[in-house]
Amino acid sequence: MQSTKLKTLLIYKYLRKYSDEDNPLSSHQLIELLNKDGVVCERKSIYSDVKALNQCGFEIESVFSPKRGFYLKSREFTSPEIRLLIDAVNSAGFITPQKTLSLTDKLRGLLSDNQAESLSSQVYKEGVNKCDNEEIYNIIDVLDDAIARHKKVSFKYRTRKIDKENKKSYTTKIFIVSPYALIWKDDRYYLVCNKSSHDNLMNLRLDRIRNITVLEENARPVSECSEYDVFDPADYSSKMFNMFSGKVETVTLRCHLDLREQILDRFGSKIPLTAVDIWHFETNVKAAVSDGFVSWIMQFGDMIKVIRPYYLADMVKEKAEKILNVYEKKPSD
């Protein structure tokens, strides 16, 4: 005797895989699919199964035009949402090519076959420089566990060597750190942590981590090595530039009016913008003063000037002088 429950579940499976608003499945199509799976039924029983699925909250819609049939109306994600997620996965450099393919296939599987096929033809696949660290999922899982349990972690940290032979080789260091948060910034995944020999926070890239282990030793309280009593990832991330750590200062910038959108996009819409003259405005922002911040300022050339603190203005001037010196040297120097 065939299981009614099995038939109902199979109908849900077919509707999830093959149906959408533009492609409803008729009773006849559902019966054919059931027959292929060895389940024989009458047409009128299909309506009972659809009713049961609706009672369970699956929202199966019955339509009569332009084609008669049923489709799964409610899904976890819409097509635009899946596209956003696939674009994010494709552009994320810390996800390996193999895991990128696997994850995008799983995301497309949340749509009907027709929706997924349409989406695949639209998604732009950029030639991103992907990492080769297949441990990345395990690393994320282990770090989540360590952060939740306030435990230290040990791992190997690998960086690329530079030599005259241009061989692909690496330098590996052993780190024991107190982990506080994982932050995705500038299409890279970072661990915010503290090394006990230093009284500050450091940012390490997850794709460079290998052989991670959670230790029994308790992590250092974040208040001992930062301005936070409880770590605030959003606040911390907003103050970092190229994920360089540094002392957080109130910085006054004088900017050309053409940069107002870039400044608001970077620091948020709540920062003050005060007109200085018809071409410039000043603003005060919180930022970690570092080489990363200096590089960010310099990309705008003469359209940004640091007013305060003075030592940051000196850092920008010194960097500009070093760049000028490089280009003033003759090729033989």
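Residues numbered from 1 in each chain as written. Predicted model: local features only at pLDDT ≥ 70, side-chain atom pairs only at ≥ 80, totals over all residues. Heavy atoms only, no water.

Peer 1: Tell me about the sheet that holds strand E4 (residues 170-185), and name the residues and values.
Peer 2: The strand order E6-E5-E4-E3-E7 describes an open sheet built from five strands, whose pairing is antiparallel. For this open sheet the edge positions go to strand E6 (202-205) and strand E7 (209-218), each flanked by a neighbour on one side alone. Recorded for the sheet is a direction-independent mean angle of 50 degrees between the axes of neighbouring strands. (Pairing = 2+ DSSP bridges. Helix = DSSP H or I, 4+ residues; strand = E, 2+ residues; numbered from the N terminus. Axes fitted to C-alpha atoms, helices over the stretch in contact; angles between N-to-C directions.)

Peer 1: Give a description of the pairing of strand E2 (residues 69-72) that names residues and reports values.
Peer 2: Side chains of E2 alternate between two faces, with Gly69 and Tyr71 and Phe70 and Leu72 buried alike. Turn length for the strand E1 (residues 60-63)-E2 hairpin, with the two strands adjacent in sequence and antiparallel, is five residues. (Buried < 20%, exposed > 50% of the residue type's maximum accessible area, 1.4 Å probe, protein only.)

Peer 1: I'd love a proper account of a negative patch on the surface, names of residues and values included.
Peer 2: Where like charges cluster on the molecular surface, the negative patch consists of Glu21, Asp22, Glu59 and Glu61. Tracing the sequence through the fold places Asp22 in the loop between helix H1 (4-18) and helix H2 (27-36). (Patch = residues over 30% accessible without salt bridge, like charges linked within 9 Å, V, L, I, M, F, W, Y side chains within 5 Å. Areas by Shrake-Rupley, 256 points an atom, 1.4 Å probe, with all protein chains shown as cover. Salt bridge = Lys/Arg side-chain N within 4 Å of Asp/Glu carboxyl O. Lys, Arg positive; Asp, Glu negative; His and termini not counted. Charge placed at Lys NZ, Arg CZ, Asp CG, Glu CD.)

Peer 1: Would you mind going over helix H7 (residues 136-149) in detail, with residue names and values included?
Peer 2: An ideal rise of 1.5 Å per residue puts 20 Å on 14 residues; H7 measures up with 20 Å between its terminal C-alpha atoms. Looking at H7, one finds that the buried residues are Ile136, Ile139, Ile140, Val142, Leu143 and Ala146. Contact partners of the buried residues in H7: helix H5 (97-108), strand E3 (151-160), E4, strand E5 (188-195) and E7. Once H7 finishes, His150 follows within two positions and takes phi at roughly 60 degrees, a positive value. (Expected span 1.5 Å × (residues − 1). Contact = heavy atoms within 4.5 Å.)

Peer 1: Which residues make up the sheet that holds strand E8 (residues 247-256), and what values do they have?
Peer 2: Sheet strands pair by backbone hydrogen bonding; their relative direction is either parallel or antiparallel. Pairing in this open sheet of four strands is antiparallel, and the strands run E9-E10-E8-E11 from one edge to the other. A single partner strand is all that each edge strand has here, and the edge strands are strand E9 (274-275) and strand E11 (304-308). Both E8 and strand E10 (residues 280-289) contribute to a ladder of ten bridges, which runs antiparallel. Residue pairing for E10: Val248 is matched across the bridge by Ala288. Relative to the sheet, helix H11 (residues 310-328) contacts E8, E10 and E11, its axis offset from that of E11 by approximately 145 degrees.

Peer 1: Can you explain the environment of Lys99? Please cite residues and give values.
Peer 2: Following the sequence through the fold, Lys99 ends up in helix H5. Residues Lys99 and Glu134, spaced 35 residues apart in sequence, show a C-alpha to C-alpha distance of 7.8 Å. Excluding anything up to four places from it in sequence, Lys99 contacts Glu134, Ile136 and Tyr137.

Peer 1: Tell me about the side chain of Lys185, and please be specific about residues and values.
Peer 2: Here Lys185 lies in strand E4. Residue classification places Lys185 among the buried positions, given a relative accessible area of 13%. Here the side chain of Lys185 touches Ser237 through a polar contact of 3.2 Å, landing on its backbone oxygen. Once you skip the residues sitting within four places of it in the chain, Lys185 turns out to touch Tyr190, Ser237, Met240, Met243 and Arg266. (Polar contact = N/O pair within 3.5 Å; in protein donor to acceptor, adjacent residues only side chain to side chain.)

Peer 1: Got a sec to walk through a nonpolar patch on the surface? Specific residues and values, please.
Peer 2: A cluster of nonpolar side chains, contributed by Ile323, Val326 and Tyr327, occupies part of the molecular surface with about 360 Å² of accessible area. Considering the arrangement of structural elements, one finds Ile323 in helix H11.

Peer 1: Talk me through the pattern of salt bridges; I want residue IDs and the actual numbers.
Peer 2: Enumeration according to the criterion identifies 18 salt bridges in this entry. Put simply, Arg220 and Glu224 hold a salt bridge, and the shortest N to O gap is 3.1 Å. Since its relative accessible area comes to 16%, Arg220 is described here as buried. Using a relative accessible area of 47% as the deciding quantity, one classes Glu224 as partly exposed. What emerges from the salt-bridge pattern is a single network uniting Asp132, Arg158 and Arg210.

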